[in-house]
Amino acid sequence: IEAGATLGSDATTSSPDWWHRLDSDTQKSYSEQAAWAGEMVGQVGVGLTGELRDLDELDRFFDTTFEPGGVPRERFQRIIGGDLDRFIVGIGLLIGGVVSRYVRVDWCSHERPEGISIFSRDVGRLFPVARVQRRAYLASSADFASKLGSLAWGIAAASVTEGLLS
């Protein structure tokens, strides 16, 4: 978690003042949480590569590992113990990190984890932790809007616009 670690003027002018610039301690904490969450999904055989296809892998992970309502199935519950909230935040941060590899973003912290956001001029403001919360709670539901993989199209289009992908 490094891209856009400072809050740019575009993000400042388009955001209320309850988002805060990501300081180096918070940046380090976010990176550690994302790495830990990546290790947890790795323990159930999910291999993440840091690419947009990870979003589809995480969708499959949630479909097979969580019950509707956000309750992890027994095997994964044993792996994460009582750290479900930490895991959800970590996966959100991990997703934000994937997105930041494809488009320029400013990371914004917030007093509540679901308010953590990334801002891109081309994509707008994304709330990766809130998105993962919704995905976990609707794990095997037919709400396709909660699918993480649906973000990949917009991110890929924005990266082409920015000239980062061809």
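Preceding block: the structure.
Now for a description of the structure that goes with this document. (Residues numbered from 1 in each chain as written. Predicted model: local features only at pLDDT ≥ 70, side-chain atom pairs only at ≥ 80, totals over all residues. Heavy atoms only, no water.)

1. Some remarks on the overall build of the chain
Counted only if it meets this: To qualify as a helix, a DSSP run of H or I must reach at least 4 residues; to qualify as a strand, a run of E must reach at least 2; elements of each kind are numbered from the N terminus. Only protein chains enter the accessibility calculation, which uses a 1.4 Å probe. A residue is then buried if its area is under 20% of the maximum for its type, exposed if over 50%, and partly exposed in between. Per-residue accessibility takes into account occlusion by the displayed protein chains alone, with areas from the Shrake-Rupley method and a 1.4 Å probe.
If you tally the helices and strands in the chain, you get seven helices and six strands. The N-to-C order of helical and strand elements in the chain reads α-β-α-α-β-β-α-α-β-β-β-α-α. The proportion of buried residues among the 166 residues of the chain is 46%. Taken as a whole, the chain presents about 8,300 Å² of accessible surface, with 51% of it coming from carbon and sulfur.

2. Side note on the pairing of strand E5 (residues 117-120)
Defined as follows: What makes two strands pair is DSSP finding at least two bridges between them.
Both faces of E5 are covered, namely the face carrying Ser117 and Phe119 and the face carrying Ile118 and Ser120. Pairing geometry for strand E4 (residues 106-109) and E5, over three bridges, is antiparallel. Its bridge partner lying in E5, Trp107 is registered against Ile118. In terms of strand pairing, E5 meets strand E6 (residues 124-126) through three bridges, oriented antiparallel.

3. Some remarks on the sheet that holds E5
Definition in use: The contact criterion used throughout is that any non-hydrogen atoms of two residues lie within 4.5 Å. Lines are fitted to the C-alpha atoms to define the axes, a helix being fitted only along its stretch in contact, and any angle between axes, read from their N-to-C directions, falls within 0 to 180 degrees.
As summarised here, the arrangement of the four strands in space is E1-E4-E5-E6, forming an open sheet in which the pairing is antiparallel. The open sheet is flanked by strand E1 (20-21) and E6, the only strands paired with a single partner. Contacting E4, E5 and E6, helix H5 (residues 84-102) crosses the sheet at an angle of about 160° to E4.

4. Concerning the packing of aromatic side chains
The cut-off we apply is this: Stacked, edge-to-face and tilted are the three classes for Phe, Tyr and Trp ring pairs, Trp counted by its six-membered ring, which pair at centre distances within 6.5 Å; planes under 30 degrees apart are stacked, over 60 edge-to-face, the rest tilted.
For the coordinates displayed, the defined rule picks out ten aromatic pairs. Centroid distance Trp36 to Phe87: 6.5 Å. Interplanar angle 75°. Geometry classified as edge-to-face. Of this pair, Trp36 sits in helix H2 (residues 24-42) while Phe87 sits in helix H5; the two residues are 51 residues apart in sequence, bridging distant segments of the chain. A ring pair is formed by Phe61 and Phe66, whose centres lie 6.0 Å apart and whose planes are at 70°; its orientation type is edge-to-face. When sorted by exposure, Phe61 lands in the same class as Phe66, which is buried. The structure contains a cluster of three or more aromatic residues connected by ring pairs, namely Trp36, Phe61, Phe62, Phe66, Phe76 and Phe87.

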